[in-house]
Structure formats: C-alpha cells, structure tokens
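The chain contents come next:
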Amino acid sequence: MKRLRTRVAIVGAGPGGLLLSHLLQRHGVDSIVLERRSREHVERRVRAGLLEGGTVDFLREAGLADRLDREGLVHEGFVFRFGSRAHRMPFTELTGRTVHMYGQQELVKDLIRARAEAGARLWFDVPDVELRGLETDTPTVRCTVAGEPVEIACDFVAGCDGFHGVSRRSVPSGALSTYERAYPYAWLGVLAQAPPAAEELIYAVHSRGFALYSMRSPAVSRLYLQVEAGERVENWPDERIWKELHTRLDIDGAPELTEGPILEKSCVALRGFVTEPMSHGRLFLAGDAAHIVPPTAAKGLNLAVADVKVLAAAFREFYAHGDRAALDGYTADCLPGVWQALEFSDWMSGLLHRPPEGRVFDGRLQDARLEAVVNSPAARTFAENYVGLARERTPARGGRP
Ligand code: APR
Ligand code: PHB
C-alpha cells in the first residue's frame, strides 16, 4: 500500500473538483484530485453550456477564461415563442449582465489543461475511492491508482463527485437531511452539427410540449425536447427528433431550424435535490454532490462554481489563519443561494413545460404567466434571476451579519 499525504483530497474531476484544486493551489494549499472515469470521458461528456456573468468574471479572476473569452458566445437576450408569437427577453438591457454560451466540456478541458500545466496530482480511472475517518481530524482516502493500492492521509475531503458519487453516500445515515422533488417530465437533449438558425436561444412553449434551441458554437446546436418522465432515447430516432423540434420551434416569419448530423442524444430526468448540511466532519460537499436543480434555467454549473468559490475561501482562511469559522459557516453561506436558484429553476420549469395531459386549468395559468413575464415589470425580476443577479444578492450565512 502506497501512502501519500495532502491537505485536501478532492473526489471528482468535474468543473467543481477541478476548479477547487486550481483555487487551492493559488492559495498555497495542496490537493489531490481522484476521478473515476477516464480523461477522454470527462472531456467528451456533454452537459450544460450557459455561464452567468458572475461565473465568467470569477473564472477570469482565476486566470481560467482565456479560451472562454476567445470562443465563448456572449448573449444579451433570448426569445420566448408561444401562441405562434415571438417575444424577446432583453436580459442585458434589463440587468446590465450578459451570459456566455460555452460547453461545460470545454471548461473541463480548460481546467484539466491548467491543472496539468501546474503539475497537479490529478488522477483519472480511479474506480474505487473509499472515504474513512471523516469524523476524525485525520481522514484517509483509499483507492487504486494505476493499478496500485493507495492510502491518502489528508486534513479534509471535498466531495465534488456529483449526484451519484461516493462522498454523500459515505456519511452515516441520519447525519444529513435530503429534500427532493421529481418532475412529471424529462428532457431529450440533442447535440447536432448544425449551424444555429438563430443568434439567440429560443424557449418555445407549444401545445405538444416545451422545446429549447440553444447552441455551443457557430457550427453546433444544442436542442432539447420535453418528453414524458422515464422516456427512453431509443424511442427517438433522428427523424422523429427533427420533426418534433420543427413542430414546436418553427413559427411563421422566422427561419426554420437548421438540421444536421446528430452527434449525441440522451434523456435526462428533471429533479430538484438538496442536502443539508453540505458537510459532515472533515467532508465538504460541493456542486451536484450536494444539490441538483432542474436544467431549465442552466443553474447547475453556476451553482457548482459558487459553492467552490466559498469552499476555497474557507480553506484559505483555515490554512492561512487557523480560523475554522468560514468552514463551519460553509453550509449557511451556500444554502440561501442554492435554494434561490432552485426556486427560480422550479418556477421556470412550471412556466415552460406543458402540464400533464388534460390539466386545462394549469395550461391556462401557464399562458397567463408567460404573458406576464414578457409584458410586465415581472420581466425585470425574471431577467435578474436568469443572469444570476438575484442569487448574488441573496444574503449568505442565512442572513447573519
Ligand atoms: N470517485 C471518483 N470520481 C467520481 C465518483 C467516484 N466514486 N463518482 C463520480 N465521480 C466523478 C464523475 O465521473 C464526474 O466527473 O465526479 C465528477 C462529478 O462531476 P459533475 O457531475 O459534473 O458535478 P460538478 O463538478 O458538481 O458539476 C456540476 O455538472 O452534471 C453537471 O448539471 C451539472 O452543470 C452541472 C455540473
Ligand atoms: C444549454 O445550452 O444546455 C442550456 C441553455 C439554457 C438553458 C438550459 C440549457 O436554460
């Protein structure tokens, strides 16, 4: 058994774990990152693609935004389509904030490259991470690295291993409270080699269901269809996907959707999930390991960055001044923003997704809400939530000074 030592053992090399490792090194704190999958897999995995202005600013401050600034697409508004009409949401005019469209896998590539250039201990293909002694001051992590059994002694473990990771499951039953909502619909996500037919995102509310037209680059479209909860991607051959996307997205007077080879398609359940507290002993959970938001408002990646920003600062306080207050206040600092983002994502999901068959009352409420969002001062509140401004204003520490 090879024995190693670090300050913070990080489980998971998604955006959360990689960013935390980068930030800790900038604060002079050593870490080891352990990733279950291969580098190729995590760099290819298609996930979110919308970065709030606050997230982009933070990545710039961390020296991680060079390619994002070169290749990311800056957006100042999007279009709602419902009732065969188009309504633009000018969120930059309303808030002064922009968002960037930049695939999460591109950010992960940038982060991995930065960690490799910094000589970080970042290990992939580590399938068997086991956390021990989380309730002691000397936790350890056991795993197999390049075929060799390894035990890592550390001060803390950062669980950045997503919803299905090992970290949250390593906490004794009853120590954490979890709160969950399952939605009565799912998303069929499609990545297509198809130049965008529109420069801005299109959120379409059609009688057959919600559809979203997004993009990753001037040559790649990212599209979503509301489908039944539990729907299987095998039921959706490419022809059926394009037909349904045209039906829901195309309107008179606007260019038709551009088709192209489908590079990837998958169905994802919509769920809301929060773990309280977000830490246990020497284990700190961040990102999807601690909370899941429905993808409707693209908050997941932005929340992971927000958690890691708080956690990295708390570790800096501990190692620079021996002060544990920020670590002890981690959950209180993060949760108000998590619940604020979840509330907006939940509300936006209800605004856009057609209710289950036959619930006419809900459908009429939905029509009224859509009209209100595009034709009233409610547009500003919507815009502030969409660009992340509302969450930034949410008082951390549960309102404590
Ligand atoms: N051991 C090591 N690594 C693990 C384990 C494990 N037992 N289980 C999961 N992982 C890895 C996954 O392979 C993944 O690379 O942890 C990483 C978690 O990354 P994400 O799921 O991307 O989570 P996070 O970094 O919090 O980023 C949240 O990702 O899933 C999207 O919509 C989500 O955009 C949001 C963002
Ligand atoms: C995406 O491009 O993946 C995306 C964009 C905006 C959303 C949701 C998803 O609201």
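Keep in mind that what you see is a predicted model, and the values were worked out from it rather than measured.

### Structural notes on the sheet that holds strand β5 (residues 73-75)
In step 1: One open sheet accounts for 3 strands, arranged β4-β8-β5; its pairing is antiparallel. On the outer flanks of this sheet lie β4 (50-52) and β5, each paired with one strand and no other. Going from strand to strand, the sheet's axes swing by 30° on average, the running direction of each strand aside.
In step 2: Summarising the sheet, β5 and strand β8 (residues 99-101) pair through 3 bridges and their orientation is antiparallel. Counterpart to Val-74 in the pairing with β8 is His-100.
In step 3: Contacts from helix α3 (residues 53-61) reach β4 and β8, with the element oriented near 80° to β4.

### A word on the site of ligand 2
In step 1: Close to ligand 2 lie 13 residues; Tyr-203, Ser-214, Arg-216, Tyr-224 and Thr-296 are nearest.
In step 2: For ligand 2, an oxygen atom lies 2.7 Å from a polar atom in the side chain of Tyr-203.
In step 3: Within the contact set of ligand 2, an oxygen atom lies 2.8 Å away from a side-chain nitrogen or oxygen of Arg-216.
In step 4: When ligand 2 sits alone it has 280 Å² of accessible area, and the protein chains cover 98% of it.
In step 5: Ranked by residues supplied to the shell around ligand 2, first place goes to strand β16 (residues 209-217) with 3 residues.
In step 6: Partitioning the shell around ligand 2 into residue classes produces 9 nonpolar, 3 polar and 1 charged.
In step 7: Shared between two domains, the shell around ligand 2 holds at least three residues of each, these being domain 1 (2-75 + 96-181 + 271-392) and domain 2 (183-269).

### Quick notes on helix α6 (residues 104-117)
In step 1: Between its terminal C-alpha atoms α6 stretches 20 Å, which fits the 20 Å expected from 14 residues at 1.5 Å a residue.
In step 2: Lining the buried residues of α6 we find α1 (15-26), α2 (39-44), α3, α4 (66-71), β9 (121-123) and α8 (300-321).

### Concerning the packing of helix α10 (residues 330-352) against helix α11 (residues 360-375)
Helix packing geometry: the angle between the two helix axes and the distance between the axes.
In step 1: Look at α10 against α11: their axes get within 8 Å of each other, and the N-to-C directions meet at 115°. Here α10 is positioned roughly perpendicular relative to α11, judged by the angle of their axes. In contact with Trp-347, Gly-350, Leu-351 and Leu-352 of α10, α11 contributes Gln-366, Arg-369, Leu-370 and Val-373.

### Considering the pairing of strand β18 (residues 262-276)
In step 1: Of the pairings in the sheet, the one linking strand β14 (residues 177-192) to β18 comprises 13 bridges and is antiparallel in character. Bridging across to β18, Ala-186 finds its partner in Ala-269.

### A look at the packing of aromatic side chains
In step 1: Enumeration over the complete set of coordinates arrives at 26 aromatic pairs.
In step 2: Measuring from centroid to centroid gives 6.1 Å for Tyr-183 and Tyr-185, while their planes differ by 35°, and the two rings are tilted.
In step 3: Judged by its relative accessible area of 7%, Tyr-185 falls in the buried class.
In step 4: In textbook terms, an aromatic cluster arises when at least three aromatic residues are bridged by ring pairs, as seen for Phe-78, Phe-80, Phe-91, Trp-187, Tyr-203, Phe-210, Tyr-224, Phe-344, Trp-347, Phe-382 and Tyr-386.
In step 5: Arg-240 extends its terminal NZ or CZ atom over the ring of Trp-236, reaching a point 3.6 Å from the ring centre.

### Some points on the domain arrangement of the protein chain
In step 1: If you check the domain split of the protein chain, you get domain 1 (2-75 + 96-181 + 271-392) and domain 2 (183-269).
In step 2: For domain 1 and domain 2, the distance between their C-alpha centres works out to 26 Å.
In step 3: With 27 residues of domain 1 at the contact, the number on the domain 2 side is 24 residues.
In step 4: Counting the surface lost from both domain 1 and domain 2, the interface buries some 2,100 Å², and carbon and sulfur atoms represent 65% of this.

### Brief notes about the environment of Lys-2
In step 1: Within the secondary structure, Lys-2 is located in strand β1 (residues 2-5).
In step 2: Using a relative accessible area of 41% as the deciding quantity, one classes Lys-2 as partly exposed.
In step 3: Lys-2 sits 147 residues away from Pro-149 along the chain, and the two C-alpha atoms are 6.3 Å apart.
In step 4: Excluding anything up to four places from it in sequence, Lys-2 contacts Glu-148, Pro-149, Val-150 and Glu-151.

Criteria and thresholds
- Residues numbered from 1 in each chain as written.
- Chains lettered and ligands numbered in written order.
- Predicted model: local features only at pLDDT ≥ 70, side-chain atom pairs only at ≥ 80, totals over all residues.
- Heavy atoms only, no water.
- Pairing = 2+ DSSP bridges.
- Helix = DSSP H or I, 4+ residues; strand = E, 2+ residues; numbered from the N terminus.
- Axes fitted to C-alpha atoms, helices over the stretch in contact; angles between N-to-C directions.
- Contact = heavy atoms within 4.5 Å.
- Near = heavy atom within 4 Å.
- Polar contact = N/O pair within 3.5 Å; in protein donor to acceptor, adjacent residues only side chain to side chain.
- Areas by Shrake-Rupley, 256 points an atom, 1.4 Å probe, with all protein chains shown as cover.
- Nonpolar A, V, L, I, M, F, W, Y, C, P; charged D, E, K, R; others polar.
- Domains from an automatic or database assignment.
- Expected span 1.5 Å × (residues − 1).
- Parallel < 35°, antiparallel > 145°, perpendicular 65-115°, else oblique.
- Phe/Tyr/Trp six-rings, centres within 6.5 Å; stacked < 30°, edge-to-face > 60°.
- Buried < 20%, exposed > 50% of the residue type's maximum accessible area, 1.4 Å probe, protein only.
- Lys NZ or Arg CZ within 6 Å of the ring centre and 35° of its normal.
- Buried area = accessible area lost by both parts, 1.4 Å probe.

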